[in-house]
Amino acid sequence: MSLLDNLLKNNRDWSEQIRSSDPDFFKKLSQQQSPEYLWIGCADSRVPANEIVGLLPGEIFVHRNVANIVVHTDLNCLSVIQFAVEILKVKHILVVGHYGCGGVRYALQKTRLGLSDNWLRHLHDVEEKHASLLQRRDDLDWRHDRLCELNVIEQVRNVCQTTIVQEAWERKADLAVHGWVYSLKNGLVNDLSLCATSFEQSGSVYAQACERVHRLA
Ligand code: CO
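Residues numbered from 1 in each chain as written. Predicted model: local features only at pLDDT ≥ 70, side-chain atom pairs only at ≥ 80, totals over all residues. Heavy atoms only, no water.

Caption draft 1: Main features of the coordination of the cobalt ion. Taken together, C42 (SG), H98 (NE2) and C101 (SG) make up the protein donors of the cobalt ion, found 2.0 to 2.3 Å from the metal. In primary-sequence terms, the residues that donate to the cobalt ion follow C-x55-H-x2-C. Here H98 lies in strand β3 (residues 92-98) and C42 lies in strand β1 (residues 37-42), a separation of 56 residues in the sequence. Across this residue pair, the class does not change: C42 and H98 are buried. (Donors = N, O, S within 2.8 Å, 3.2 Å for Na, K, Ca; no water. Helix = DSSP H or I, 4+ residues; strand = E, 2+ residues; numbered from the N terminus. Buried < 20%, exposed > 50% of the residue type's maximum accessible area, 1.4 Å probe, protein only.)

This is the structure we're talking about:
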């Protein structure tokens with residue numbers, strides 16, 4: 001008797017269900033993974049990568065942390081990006097934020113949480129960078145939504161500036177970096193129309209995405 005019997009039972013049911021539709025599924029999967037996508041998303045339990053885009057195990061490589069932040073010196077995230085780009089040769093990196101993100105809200109409200117304040121400090125940097133836009137309205141929900149969008153735009157920029165992505169583009173690898181924001185309210189993705197496919201173009205893609213948020217605000 002385990003305290004997690006319910007989860008273990010779910011696991012057996014899930015395995016059985018997949019094998020009944022494709023008896024070789026796990027055999028094929030255990031021999032190789034060849035995902036085309038790397039998902040960099042929030043650790044929030046309401047934002048499950050595979051389910052949102054309807055992909056099976058083996059089809060999407062996933063990195064998640066609080067508030068989907070890409071820090072230039074985060075060895076964990078950088079290693080995931082390097083492995084995905086150079087070993088798995090993914091074609092798309094998706095930075096996926098979500099409206100209603102707790103990390104973003106705590107940062108906006110300047111709530112003290114403890115150790116994670118140091119991580120969320122990166123969100124304050126985004127907030128300060130776009131202060132003129134965010135201060136246009138007093139409405140906290142509105143500012144929360146905009147900061148979720150701006151955070152994705154800044155993290156896409158950070159991904160584009162990693163040596164890994166720059167080197168991939170230098171050798172003409174087929175690699176695009178995208179920015180999305182997922183809605184917890186209806187399960188739909190808002191594509192920020194942000195798609196960088198080369199270093200030269202990534203700067204203007206970033207500027208246009210910022211401009212769109214500013215214009216719509
Ligand atoms: Co979140």
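Still to come is the rest of the account.
Caption draft 2: Empty space enclosed by the protein, seen in detail. Taken as a whole and judged by the stated rule, the model has 1 cavity of 30 Å³ or more. If you add up the space inside the largest cavity, you get close to 40 Å³. If you go around the largest cavity, the residues you meet are I153, V156, R157, C160, L194, A196, S202, V205 and Y206. Of all elements in the fold, only α8 (140-160), β5 (189-196) and α10 (199-216) reach the threshold of two or more residues within the lining of the largest cavity. Per-element tally for the lining of the largest cavity: the top contributor is α8, with 4 residues. Here the lining of the largest cavity is composed, by residue class, of 7 nonpolar, 1 polar and 1 charged. (1 Å grid on protein atoms, 1.4 Å probe; cavity = no way out; pocket = protein on both sides within 12 Å on 5 of 7 lines; lining within 4 Å. Points joined across faces, edges and corners; volume = space filled by probe spheres on them. Nonpolar A, V, L, I, M, F, W, Y, C, P; charged D, E, K, R; others polar.)

Caption draft 3: Here's a closer look at the pattern of salt bridges. A full pass over the atoms with the stated rule returns 11 salt bridges. D117 serves as the salt-bridge partner of R112, at 3.3 Å between the closest nitrogen and oxygen. You can call R112 exposed: its relative accessible area is 73%. Between R121 and D125 there is a salt bridge, and its shortest N-O distance comes to 3.0 Å. Of this pair, R121 and D125 both sit in helix α6 (residues 116-129), 4 residues apart, which is roughly one turn of the helix. In this structure R121 comes out as partly exposed when scored by relative accessible area, which is 37%. Residues joined in a network through salt bridges with shared partners are R121, D125 and E128. (Salt bridge = Lys/Arg side-chain N within 4 Å of Asp/Glu carboxyl O.)

Caption draft 4: Broad picture of the packing of aromatic side chains. The full count for this structure, using the stated rule, is 3 aromatic pairs. Judged by centre distance (5.6 Å) and plane angle (65°), the ring pair of W14 and F26 falls under edge-to-face. With W14 in helix α1 (residues 5-21) and F26 in helix α2 (residues 25-31), this pair connects stretches of sequence that are 12 residues apart. Arranged with centres 5.2 Å apart and planes meeting at 90°, the rings of F25 and F26 form a pair that is edge-to-face. Take F25: its relative accessible area is 11%, and that puts it in the buried class. Relative accessible area serves as the criterion here: at 26%, F26 is assigned to the partly exposed category. Aromatic ring contacts, followed pair by pair, group W14, F25 and F26 into a single cluster. Over the face of the ring belonging to Y206 we find R157, whose NZ or CZ atom lies 4.9 Å from the ring centre. (Phe/Tyr/Trp six-rings, centres within 6.5 Å; stacked < 30°, edge-to-face > 60°. Lys NZ or Arg CZ within 6 Å of the ring centre and 35° of its normal.)

Caption draft 5: Summary view of a nonpolar patch on the surface. Judged by side-chain polarity, L3, L4, L7 and L8 come together as a nonpolar surface patch covering roughly 450 Å² of accessible area. With respect to the helices and strands, L8 occurs in helix α1. On the accessibility criterion, L8 (41% relative accessible area) is partly exposed. (Patch = residues over 30% accessible without salt bridge, like charges linked within 9 Å, V, L, I, M, F, W, Y side chains within 5 Å. Areas by Shrake-Rupley, 256 points an atom, 1.4 Å probe, with all protein chains shown as cover.)

Caption draft 6: Structural detail: the sheet that holds β1. On the basis of which strands lie adjacent, the open sheet formed by 5 strands has the order β2-β1-β3-β4-β5 and mixed pairing. The open sheet has two edge strands with one neighbour each: β2 (60-65) and β5. With direction set aside, neighbouring strand axes in the sheet form an average angle of 20°. Bridge analysis of β1 against β2 gives 6 bridges, and the strand direction is parallel. Among the inter-strand pairings, Y37 is bridged to a residue of β2, identified as I60. Helix-sheet contacts for α8 involve β1, β3, β4 (176-182) and β5, and the interaxial angle to β4 is about 160°. (Pairing = 2+ DSSP bridges. Axes fitted to C-alpha atoms, helices over the stretch in contact; angles between N-to-C directions. Contact = heavy atoms within 4.5 Å.)

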